[in-house]
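Reading the structure
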Amino acid sequence: MSQREKYLLRTAGQEQEFREKFTAVIETRAAAIEAWFNALPLFIWVPLRIRPLEEAVAVGLLCLLHIDGRICLTFSSDLSHVRRGTHSMEEYRAWIDTHCYRPRKQ
């Protein structure tokens, strides 16, 4: 088990507790974390570099942004990496058109 796993917000109670405990952090840092995350390349694992002693806030805030639908997040099994997914079918189709091979119609 990853040391960071204990900071995942898995239940409504954990989510509510995080919102109450870190209200100021959410207000001051959520928009910047959202912008950073949504600028990541789609479907690419990116190392999740977190300063020592900030794991609870960083992991919890990422979970909260995902719960609120502001980011589409996948953690690696050891929580050392994150991957951004698409928010919509349009974004997904645009990614496919750019990154996937399609034979030409003849």
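Definitions and cut-offs
- Residues numbered from 1 in each chain as written.
- Predicted model: local features only at pLDDT ≥ 70, side-chain atom pairs only at ≥ 80, totals over all residues.
- Heavy atoms only, no water.
- Helix = DSSP H or I, 4+ residues; strand = E, 2+ residues; numbered from the N terminus.
- Buried < 20%, exposed > 50% of the residue type's maximum accessible area, 1.4 Å probe, protein only.
- Phe/Tyr/Trp six-rings, centres within 6.5 Å; stacked < 30°, edge-to-face > 60°.
- Pairing = 2+ DSSP bridges.
- Core = buried A, V, L, I, M, F, W, Y, C linked by side-chain atoms within 4.5 Å.
- Polar contact = N/O pair within 3.5 Å; in protein donor to acceptor, adjacent residues only side chain to side chain.
- Contact = heavy atoms within 4.5 Å.

1. Description of the overall build of the chain
- Per the secondary structure count, the chain includes four helices and three strands.
- Mapped in sequence order, the helices and strands of the chain form the string α-α-β-α-β-β-α.
- Across its three principal axes, the chain shows a C-alpha extent of roughly 60 × 25 × 25 Å.
- Taken across its 106 residues, the chain has 33% of its residues classed as buried.

2. Here's the deal with the packing of aromatic side chains
- Following the criterion strictly, the structure yields four aromatic pairs and no others.
- Between Phe43 and Tyr92 the ring centres are 6.3 Å apart and the planes differ by 90°, which places this aromatic pair in the edge-to-face class. Pair noted here: Phe43 is in the loop between helix 2 (23-38) and strand 1 (46-47) and Tyr92 is in helix 4 (residues 89-99), with a separation of 49 residues, a long-range link.
- Relative accessible area serves as the criterion here: at 30%, Phe43 is assigned to the partly exposed category.

3. A look at the sheet that holds strand 2 (residues 73-75)
- Reading across the sheet, the three strands line up as 1-3-2 and stay open at both edges, with antiparallel pairing between neighbours. Looking at strand neighbours, the two that pair on one side only are strand 1 and strand 2, the edges of this open sheet.
- Taken together, the three bridges between strand 2 and strand 3 (residues 81-84) define a ladder with antiparallel strand orientation. Considered in strand 3, the bridge of Thr74 is made with Arg83.

4. Regarding the nonpolar core
- In this structure, Phe18, Phe37, Val59, Leu62, Leu73, Phe75 and Val82 are the most contacted members of the largest nonpolar core, which totals 25 residues.
- A per-element tally of this core places helix 3 (residues 55-67) first, with eight residues.

5. So, the side chain of Arg84
- Examined against the element boundaries, Arg84 turns out to sit in strand 3.
- Under the relative-accessibility criterion, Arg84 is labelled buried at 9%.
- Here the side chain of Arg84 touches Leu40 through a polar contact of 2.7 Å, landing on its backbone oxygen.
- In this view, Arg84 contacts Phe37, Asn38, Leu40, Pro41, Leu42, Phe43, Cys72 and Glu91; residues no more than four positions away in its chain are not counted.

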